[in-house]
Amino acid sequence: MRKSIILVIALMVSAMTFAQERDYNTLKGLSFGVGLPFECRDLPGAGTTLNIGYDCAYPINDHFAMGFYLTGGGGFWGEYKQYSTVDHFHPVLRLTAGLMMQIGDPQNQPWLIGIAPCTGFGLYDMDMTLPVEVRFGKFITERWYIMGELTYHASLANETASFEPAVRVGYNFGRKIKK
């Protein structure tokens, strides 16, 4: 298992290094998102989160780029039925890292796909969770892009389970390298 993980990381790093020498657009973006977490196991409730992230993808060929993203954010959620009169609003905190892919012609509004399989952590009502996250989006102009995101937070203590759909808007600061 460790050998395959090291091999995958080495292939990703070598692909990114190879991609830096080419003349294509590079995604280096800053994205902001608003999420709506829904607690569905221990204390059912809903809330809101604000997230900020860095998205990066280096071209491998004319129609595919690969990289990573980092996201952090926080917010709160409240219980539908108050369990306690003192403590019915709970903090939410999360940090996530994932794999980012850009598919399509960089000059013609490419698609964006992101996957984070338990690479990060979250805190829901002070219960540590592992996020499983999927992103799907598209460039709407040459620089601006929008993504939908769905995150499932599984509790390590088997108490909390929550879904968090979110919408992200980002701006690409990357530039095309001139020949």
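Not measured: the values here are computed from a predicted model.

## Considerations on the overall build of the protein chain
Looking only at helices and strands, one finds one helix and ten strands in the protein chain. Ordered by position from N to C terminus, the α and β elements of the protein chain give α-β-β-β-β-β-β-β-β-β-β. Across the 179 residues that make up the protein chain, the buried fraction comes to 39%. Split by element, the accessible area of the protein chain, about 10,000 Å² in all, is 68% carbon and sulfur.

## Side note on the packing of aromatic side chains
Ring pairs (aromatic) are described by centroid distance and by the angle formed between their planes. Tallied over the entire structure, the rule returns six aromatic pairs. Aromatic side chains W144 and Y171 sit 5.0 Å apart centroid to centroid with 65° between the ring planes, which places their arrangement in the edge-to-face category. Here W144 is found in strand β9 (residues 144-155), whereas its partner Y171 is found in strand β10 (residues 161-172), with 27 residues between them in sequence. Of the residues examined, Y171 reaches a relative accessible area of 28% and is grouped as partly exposed. The interplanar angle of 70° and the centroid separation of 4.9 Å between the aromatic rings of Y171 and F173 together place this pair among those described as edge-to-face. Residue F173 is classed as exposed on the basis of its relative accessible area of 54%.

## Regarding the environment of G45
Among the structural elements, G45 can be located in strand β3 (residues 45-61). A relative accessible area of 0% places G45 in the buried class. Residues contacting G45, with those up to four places away along its chain left out, are P37, F38, E39, W77, G78, E79 and Y80.

## Overview of the confidence of the model for the protein chain
It should be kept in mind that the predicted coordinates are not to be read in detail where pLDDT is low. Across the protein chain, the average pLDDT comes to 82, with 82% of residues at or above 70. The spread of mean pLDDT over the elements of the protein chain runs between helix α1 (residues 2-19), the lowest at 63, and strand β6 (residues 111-117), the highest at 92.

## As for the pattern of salt bridges
Working definition: two side chains of opposite charge can pair if their charged atoms are close together. The final tally for this structure, using the stated rule, is six salt bridges. Here E149 and R135 are joined by a salt bridge, their closest N and O atoms 3.1 Å apart. One end of the pair, E149, is in strand β9; the other, R135, is in strand β8 (residues 127-139), and 14 residues separate them in sequence. Judged on exposure class, the residue E149 and its partner R135 are both buried. Of the charged contacts, one joins R168 and E149 as a salt bridge, the two residues approaching to 3.7 Å between their closest N and O atoms. Linking R168 in strand β10 with E149 in strand β9, this pair joins segments that are 19 residues apart in sequence. Because the salt bridges share partners, they merge into one network encompassing D55, R94, E133, R135, E149 and R168.

Basis of the calculations
Residues numbered from 1 in each chain as written. Predicted model: local features only at pLDDT ≥ 70, side-chain atom pairs only at ≥ 80, totals over all residues. Heavy atoms only, no water. Helix = DSSP H or I, 4+ residues; strand = E, 2+ residues; numbered from the N terminus. Buried < 20%, exposed > 50% of the residue type's maximum accessible area, 1.4 Å probe, protein only. Areas by Shrake-Rupley, 256 points an atom, 1.4 Å probe, with all protein chains shown as cover. Phe/Tyr/Trp six-rings, centres within 6.5 Å; stacked < 30°, edge-to-face > 60°. Contact = heavy atoms within 4.5 Å. pLDDT = per-residue confidence, 0-100. Salt bridge = Lys/Arg side-chain N within 4 Å of Asp/Glu carboxyl O.

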